[in-house]
Amino acid sequence: MTRPCARPLTDDALLDWWTGEGEAAVRRGAEEHLLGCDSCTGRLGALGALIEGVRDLVRGGRAPAVVTAGVLERLRRDGRAIREYRVPAGGGVWCTVAPDDDVLVARLGAELGAVTRVDLLSRIDDGEEGRIADVPFDPSAGELIVLAPIDEVRSRPAHVERLRLVAVEPRGERVLGEYTFEHTPWPGRPPA
Amino acid sequence: MVQTPGLEAVADAELARLVAHGPPEEAGRAEAELCRRLGPRLRLYGLRHLRDGAAADDLAQEVLLLILERLRAGRVREPERLASFALGACRLVVRNQRRGRRRRERLLDRFGGALPSSAEPAVTGLDQRRLRSCLEALAPRDRTVLVLTFYVEKTSAEIAAELALSPENVRAVRHRALVRLRDCVGGGAA
């Protein structure tokens, strides 16, 4: 049985404390409250489990997401083995996933400076084209960094995946780049 | 950890007084109850400031020992301010641990490239499959903000600068994403 809290911290206060944001005095008050309160500690514990779960998925290469270079730096600091393919707009690459790889990354070169919305389209072999609308991006990066689900790619037979980045603009869509990934399962070595 | 019968409803300060001045058997039971309560709180403090489960466990143990030692010696003057005392002890231990960590990081920077890849990360008590499908169900921007916040530990201002958003927007996205993720993992639709 957890003793009830007379003045429970809000979700935002818990999150601010965890992330170190908001006013310092408020954070200090929350900190002291948490050290004396089972109920709020329990809620924070549940939040912490979610956060830790998300971290585990990223570290294990199992959280497909568009990210920034900071994520890759952190993965390297964590000792994760990253297999990374940089592909310029209009380019292609032979690719694979080795048994020791932890994380699979596609770095799609594109000029994103004057763009307000970008969609990422993907087609495997002759399958239907899927669309991920409104992906986040760093306009100054000159690329879109995509964490691919390494376990799914590893389990697939040889295939070709075509990606397209399109800028969605008031007058229609404009292709920013097309990228071809010719995947060969390990141990098939990618041709030189 | 199991609750100590008869002491569940007793306030922390009263437990502290029992440890300091109660008869031996009662003091022992009060210590056990105090450890049961303080352990998770201290560990969360450690996770927040040290970002490492093992270091957080060490911190919780070290601070608990310090608190019990002071209580037994009658050196905690205001038991009703036990949380303040614990906070002060936590800050001290965190400072010491950070010194050790900085040294480890310097060594890792120098020699880290020669180390083999680390083992598969520990799995939390959550259903990872469920969490993954819930994470994938989020909008791309929500997912990115959660990854940058919780994995890279960037502030909302830093994320805003990278993704050409406002810090307020990032905070709103983060709040919404976290509520959706929690509700989904808790049993809603994935």
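Quantities reported herein were computed from a predicted structural model and do not represent experimental measurements.

(A) Summary view of the overall build of chain A. Each helix and strand counted, chain A has five helices and nine strands in total. Helices and strands in chain A line up, N terminus first, as α-α-α-β-α-β-β-β-β-β-β-α-β-β. For chain A, whose C-alpha radius of gyration is 21 Å, the value lies well above the compact-globule estimate of 16 Å for 192 residues. For chain A, the C-alpha atoms occupy an extent of roughly 65 × 45 × 30 Å along the three principal directions. Sequence separation of 24 or more characterises 62% of the internal contacts of chain A that already satisfy a separation of 6 or more.

(B) Structural detail: the interface of chain A and chain B. Of the residues lining the interface, 52 residues belong to chain A; the matching set on chain B comes to 52 residues. For the side of chain A that touches chain B, the secondary-structure elements that each account for two or more residues are helix H1 (11–19), helix H2 (24–35), helix H3 (38–59), strand E1 (65–67) and helix H4 (69–77) of chain A. Looking at the side of chain A that touches chain B element by element, the count peaks at 16 residues for H3(A). The class makeup of the residues in the side of chain A that touches chain B is 24 nonpolar, 10 polar and 18 charged.

(C) Layout of unusual backbone geometry. Residue and element names in this part refer to chain A. Its identity as a non-glycine residue notwithstanding, Asp125 has a phi of 50°, on the positive side. Mapped onto the fold, Asp125 is located in the loop between strand E5 (118–124) and strand E6 (130–132). Judged by the 10 C-beta atoms lying within 10 Å of it, Asp125 is exposed.

(D) Structural view of the domain arrangement of chain A. Partitioning chain A into domains gives domain 1 (11–59) and domain 2 (65–183). If you average the C-alpha positions of domain 1 of chain A and of domain 2 of chain A, the two centres end up 33 Å apart.

(E) Region of interest: the packing of helix H6 (residues 140–150) of chain B against helix H8 (residues 167–185) of chain B. All names here are of chain B. Direction vectors running N to C along H6 and H8 enclose 95°, while the axes themselves pass 9 Å from each other. On the basis of the axis angle, H6 is roughly perpendicular to H8. Contacts from Arg141, Asp142, Val145, Leu146 and Thr149 in H6 reach Val170, Val173, Arg174, Arg176, Ala177 and Leu178 in H8. Across the contact of H6 with H8, the residue classes tally to six nonpolar, one polar and four charged.

(F) Expanded view of the domain arrangement of chain B. Segmentation of chain B into domains returns domain 1 (12–113) and domain 2 (128–185). Centre-to-centre separation of domain 1 of chain B and domain 2 of chain B, based on C-alpha positions: 31 Å.

(G) Region of the structure containing the packing of helix H5 (residues 128–137) of chain B against H8(B). Residue and element names in this part refer to chain B. Relative orientation of the contacting elements H5 and H8 amounts to 140°, with a least axis distance of 9 Å. With respect to H8, the axis of H5 lies oblique. Crossing of H5 against H8: the hand is right-handed. Judged by residue contacts, Arg130, Leu131, Cys134, Leu135 and Ala137 of H5 engage Leu181, Cys184 and Val185 from H8. For the contact of H5 with H8, the residue count by class is seven nonpolar, no polar and one charged.

(H) Highlighting the nonpolar core. Ranked by internal contacts, the top residues of the largest apolar core, which has 89 residues, are A:Val54, A:Val146, B:Val63, B:Ala86, B:Cys90 and B:Val147. It is helix H4 (residues 82–111) of chain B that contributes the most residues to this core, eight residues altogether. Apart from the residues lying within four places of it in its own chain, the contact partners of B:Val147 are A:Val54, A:Val58, A:Ala63, A:Ala65, A:Val67 and A:Val71.

(I) Representation of the sheet that holds strand E9 (residues 172–183) of chain A. All names here are of chain A. Sheet architecture is open: five strands sit in the order E3-E9-E8-E5-E6, paired in mixed fashion. Only two strands of the sheet have a single partner each, and these edge strands are strand E3 (92–95) and E6. Within this sheet the neighbouring strands show an average axis-to-axis angle of 25°, counted without direction. Sheet topology places E3 next to E9; four bridges connect them, and they run parallel. If you follow Cys95 over to E9, its bridge partner there is His183.

How each quantity is defined
Residues numbered from 1 in each chain as written. Chains lettered and ligands numbered in written order. Predicted model: local features only at pLDDT ≥ 70, side-chain atom pairs only at ≥ 80, totals over all residues. Helix = DSSP H or I, 4+ residues; strand = E, 2+ residues; numbered from the N terminus. Rg over C-alpha atoms; globule rule 2.2 N^0.38 Å. Contact = placed C-beta atoms within 7 Å. Nonpolar A, V, L, I, M, F, W, Y, C, P; charged D, E, K, R; others polar. Buried ≥ 20, exposed ≤ 12 C-beta atoms within 10 Å, placed from the backbone. Domains from an automatic or database assignment. Axes fitted to C-alpha atoms, helices over the stretch in contact; angles between N-to-C directions. Parallel < 35°, antiparallel > 145°, perpendicular 65-115°, else oblique. Left-handed = near helix turned anticlockwise from the far one by under 90°. Core = buried A, V, L, I, M, F, W, Y, C linked by C-beta atoms within 7 Å. Pairing = 2+ DSSP bridges.

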